[in-house]
Each structure stands twice: as structure tokens, then as C-alpha cells.
Amino acid sequence: MKVKAEILRTYQSVHTWTGICAGLLLFIGFYAGSLTMFKHQLQAWIAPIPAELAAATAVPPQQLIDKAIAAYPQAMAKGFELDIAHEVPYLSWYSQGGARGMNLDNQLTYAFLNEHGELTTHIAGENKFADLIDYLHRSGGLFGEIGHDQLGVYVLGIAALLYFLALVSGVVILLPTLTKTFFALRKEKGASRLWLDSHNLVGIVSLPFHIVIAFSVFVFAYHDFLYDGLGKFYGDKPLFNMPTKTEQPYHINDLPKLELLLEKAHAYSGQHTTVHVSYNRLNSPAPFATLKMENPRALVRGPDTDYLFMHPYTLDVQNSSFPQGETGTWGNTVATFFSLHFGTYGGNWGRWGYFVMGLLGAFLFYSGNLLWLDKRTRKDGEQKRSTLFMAKLTIGVCLGSMLGVVVTLVLGKTLQQSAFALNELYLWIYYLTFGAFIGLSFWLGARKASVFGLKALALGCLGLPLATMFVQYTNPYAASWLESIWVDVFGGVFAGIFLFAANKTKRRSQAREASSIWSMQAA
């Protein structure tokens, strides 16, 4: 296919500058997004369930609910969570803080039955490591808030728009040579050509995935504004179904049996399994229950499960994330895009697919920046200050953000038994590591910092199984490592990958000519 030269130059410029402007933030969003596919496993690794809960007795959940209501009626009436996904059920409620917002000092009271059938409680701080990963994915780690959401969410929404422009312009650039060079990885023409071919191949092969991600990120960021605009057309009619209110408040002593609630949920969707129930405001005129319903073979609409919202007393279904039939065409369309963003379909195969695609997406932005930097340096003939600045910033942000997560994992695991405020400590560890590596990158230069950063990542990943062994030695408890052993296994795998990349980068930089960004002079 032929495309005029001036059109190609225009799209080349659009592709370059949209990628440069949004690339670093999107790199963090993509690699953190890949980790969110297994955030529950990472959470279980860094903060395994307390030994008391692991020793709880398997009983019918209703027996546990009845005893907890009798012993703690006021706390239970405010709201409680019931986990029924495991053989041994347990429930919990917030004794400090709440589920909404990013409260670092939340305290949870866990309730379960011991071996003698007695109600036992265990108070623990709510561990927020998984929320830190999700925060990095949603906001790129940017501080600040606008309204009820993070500043970074809105910035990432703008970055997603630039990202879409980069995708479209990149496809136009490749059209003239697409059939000839689609699967060509021309290693014999040098490392730069190999990186360019790899960059192009990843971009084209994963194009549908990236279009869905770009669109859904923008909708996530600005859906409140979209709803406000739609509200002008709806007038006094609410956009969403609201909980049914009565003049007189309900009382927790009249709460129907859990079995009836689950039967109604099963009747609503027999293909889903209820794994979690959240009761809220049970002594109020507007109580509600939220059920998380799992189906690995279906396209679920939430980050992990579908949601069913029910009245806990009348058992009426008030809303759901399930397909709404022909009357909910727009809602189904938006929900489908959200499902495609979350990757909650296809079971573990789907999660692994999204994990790999997320890492490849991060590679797309990292390689794009490096290719532009290398080309800019060769074109200028001498290394300009602005080019060197961008090279150091690219290495510092990309490798530093990954290193921050790895160091947080290792130190967070080893400090679990300490008296530190762990959630605050997570933030301090991540941002200090991230900031320190950016500073190191500007001090050492792009070449040396890249080699050092990759070796540090290899050491950090190797530290994951070592941290598990340390905790096992100081606090023997089999479930703390058997239930999340794959985190340690893949920590070792990625240690090898990063070490290989470090050695490859070192050899490549030593072989480069002086006009390259990786030359000795650029160090």
C-alpha cells in the first residue's frame, strides 16, 4: 500500500510526540496493570491470613452469623463482610475506618469459630499492598486529588487519548511495509533494527487489546462527567436504581437466613457462584447487600467478579452488573468494554494472557522511547542536553518504578511481624526507592543506570523466595508460603530474566559507537 511521503512524515511526528508525552506514565500503568491480574496472590504472599483464622473450624456460615450478631449487634448492624469462597468461612467488619477511600489506618475485626465452636475474634490492620498496586495502575503513582478521585486518574485518561493517537499513527506509518516486515526480526542489521522490529510487531499483534485499553481508561477517568452530561437528558429520573427506602428502619434481628439470600442469587444466575457477601446499614431504612458472584467461563463486569445488589430483608434484586437484555444496550456495551479492560474471563488462561499483554504493553512504551532517543542522538551528531535528560528520565522512571514495587514486596514481607504502620511504610518504601533511582540515573547516566537497575531488579526478584524463607524460619507457619509459592517461583524466573537483560545491555552499550545514547560518552 502506498502512502504519500508528507502524510507519513505527519503521522511519524504525531506518533513520536504522543508516545514521548504519555509513554512514561503509561509504562507504569501497564506494568502495574499486569500485576493486578494476580494482586490477590501477591496480597496473600506479603500478608498471609493470621494463624488464628487458618485454624478456624468449618461450620455452616449461618451459625457464625447468628453468634456474631448475638455478641456484637451494633458492629454487625453497621455492616459486615462474609467470605464463603473457602471451606472455612469467616466474617469481618471495620472496627476503625471503612471500605471507601484509601484509608491507611483501617482496622478489621475478624470473627470465626474455634475448635470448640466458640466465637473468636482477631483484630488486625487492613493490609493495603494490593491497593498500592491498583493505585499505581490507575494513577501512575501521581499524588493529589480532584473531587473524589485521584489526580493521576484524570492525567492517565488524557494519556490514554494520546496513546490512542499513537496507535493510529503507528499503524499508518507501517502500512507501506506491513506485508514485508510484519514478522521480520532483522537481528543481522543491528540491535536498533531488532528493537524497532520488535516494537512494531508487538504493537500490531496486540492492536485490538490496546484499542480496548485506551478507550476504557478514558471512560474510567471521565465517566462522572459523562454521567453529568446524561443527567441533563434524564431530568429528575435517576440514572441508576437506588436502594429501596422505608419510613421505618429495619433491624438486624429480623435478617433472613443466608441460605434464602443465596437461593435468590442462584435463581437470578444459576451459572454463577456466590463467593462473598457484604451487608450494609442493616439497622437503617435503606439497607443493602452486595454479592460477589464468580463465573470463570463468563465475561464478568467487575475487576474480579460480577455484582448483584439485593435488599437483605425483602430479598429483592435492586441492581446488578449482569447483562440487562435488549433494554440495556448501552449499559451492556459499556460493561463489556470494562470486562475487556479487567480481563476477568477465560479463568487463569485469561489472566495469564492479560499479564503477558500488560508486560508487552510496557515494553512498547519503553522501547519506543529508547528508539526515539537513539535516533535523535544519531541525527544530532552530538548528544544534546535535552536528549540526555530524556534518556536518564526514561531509565529512571521505568526501572525505578518496577524496582520500587519489588523492594516494597521484599521489605513488606520481612517486616510483617513488626509494629510498624505497614501501609504507610509501603508508600515510603516505594516512593523513596523510586525517587532514589531516578536521582541515581541522573548521577550515573542512562547506560550505567540501566545496567545497575536491571541487576538490582534481578537481586530484588531473587529476594522474594529469600524473604519467604526468612519469615518461615522466624515464624514457622506452612500456609504462609504453600498457598502463594508461585510468587516465589516466578520471582526466581524474573530474576534470571532481569540478569540476562542486564548482561545484554552491558555488552550492547560497550559495542555502540560514540553517536549512540548508550555510548561511553553518554554514561
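Residues numbered from 1 in each chain as written. Predicted model: local features only at pLDDT ≥ 70, side-chain atom pairs only at ≥ 80, totals over all residues. Heavy atoms only, no water.

### Re the pairing of strand β7 (residues 273-280)
Along β7, six of the eight residues are buried, which leaves the element largely enclosed by surrounding structure. Where strand β1 (residues 79-83) meets β7, five bridges bridge the pair, whose relative direction is antiparallel. Residue pairing in the sheet places Leu82 in a bridge with Val277 of β7. Pairing between β7 and strand β8 (residues 288-294): seven bridges, direction antiparallel. (Buried < 20%, exposed > 50% of the residue type's maximum accessible area, 1.4 Å probe, protein only. Helix = DSSP H or I, 4+ residues; strand = E, 2+ residues; numbered from the N terminus. Pairing = 2+ DSSP bridges.)

### Observations regarding unusual backbone geometry
Glycine aside, residues mostly have negative phi angles, and peptide bonds mostly take the trans form. Unusually for a residue other than glycine, Arg281 sits at a positive phi of about 50°. Residue position: Arg281 is located in the loop between β7 and β8. If you check the backbone angles, Leu315 has positive phi at about 65° while not being a glycine. You can see Leu315 is positioned in the loop between β9 (306-310) and β10 (317-320).

### As for the packing of helix α15 (residues 422-444) against helix α16 (residues 446-474)
Between α15 and α16, whose axes approach to 6 Å, the crossing angle comes to 135°. Taken together, the axis directions place α15 and α16 in an arrangement best described as oblique. Relative to α16, α15 is oriented so that their crossing is right-handed. Every residue of α16 that contacts α15 at Phe437, Leu440, Ser441 and Leu444 is listed here: Ala446, Lys448, Ala449, Phe452 and Gly453. (Axes fitted to C-alpha atoms, helices over the stretch in contact; angles between N-to-C directions. Parallel < 35°, antiparallel > 145°, perpendicular 65-115°, else oblique. Left-handed = near helix turned anticlockwise from the far one by under 90°. Contact = heavy atoms within 4.5 Å.)

### Focus: the packing of aromatic side chains
Taken as a whole and assessed by the stated rule, the structure comprises 23 aromatic pairs. For the pair Tyr72 and Trp93, a centre-to-centre distance of 5.3 Å together with 50° between the ring planes defines the contact as tilted. Linking Tyr72 in the loop between α4 (61-71) and α5 (73-78) with Trp93 in strand β2 (residues 90-96), this pair joins segments that are 21 residues apart in sequence. Overall, the relative accessible area of 33% leaves Tyr72 in the partly exposed class. An aromatic cluster of three or more residues is present, and its members are Phe38, Trp352, Phe355, Trp486, Phe490, Phe494 and Phe498. The ring of Trp45 carries Lys413 above its face, with NZ or CZ at 4.8 Å from the centroid. (Phe/Tyr/Trp six-rings, centres within 6.5 Å; stacked < 30°, edge-to-face > 60°. Lys NZ or Arg CZ within 6 Å of the ring centre and 35° of its normal.)

### Notes on the nonpolar core
Soluble globular proteins tend to pack their nonpolar side chains together in the buried interior. Tyr31 and Val405 are the most contacted members of the largest nonpolar core, which totals 74 residues. Considering each element in turn, this core owes the most residues, twelve residues, to helix α14 (residues 385-414). Of all hydrophobic cores here, the second largest spans 30 residues; its members include Ile69, Ala77, Trp93 and Leu258. (Core = buried A, V, L, I, M, F, W, Y, C linked by side-chain atoms within 4.5 Å.)

### With respect to the pairing of strand β3 (residues 107-113)
Judged by how many residues are buried, β3 sits mostly within the fold: six of seven residues are covered. Bridging between β2 and β3 involves five bridges; their strand directions are antiparallel. Among the inter-strand pairings, Tyr94 is bridged to a residue of β3, identified as Leu108. With seven bridges joining them, β3 and strand β4 (residues 119-125) adopt antiparallel strand pairing. Across the sheet, residue Tyr110 finds its bridge partner in β4, namely His122. Hairpin connection between β3 and β4: a loop of five residues separates the two successive antiparallel strands, and Gly117 in this loop has a positive phi of roughly 80°.

### Structural notes on the packing of helix α2 (residues 39-46) against helix α6 (residues 129-139)
Interaxial distance between α2 and α6 falls to 8 Å at its minimum, and their mutual angle equals 140°. By the criterion of interaxial angle, the relationship of α2 to α6 is oblique. Of α6, the residues touching α2 (which contributes Lys39, Leu42, Gln43 and Ile46) are Phe129, Ala130 and Asp134. In the contact of α2 with α6, the residues fall into four nonpolar, one polar and two charged. (Nonpolar A, V, L, I, M, F, W, Y, C, P; charged D, E, K, R; others polar.)

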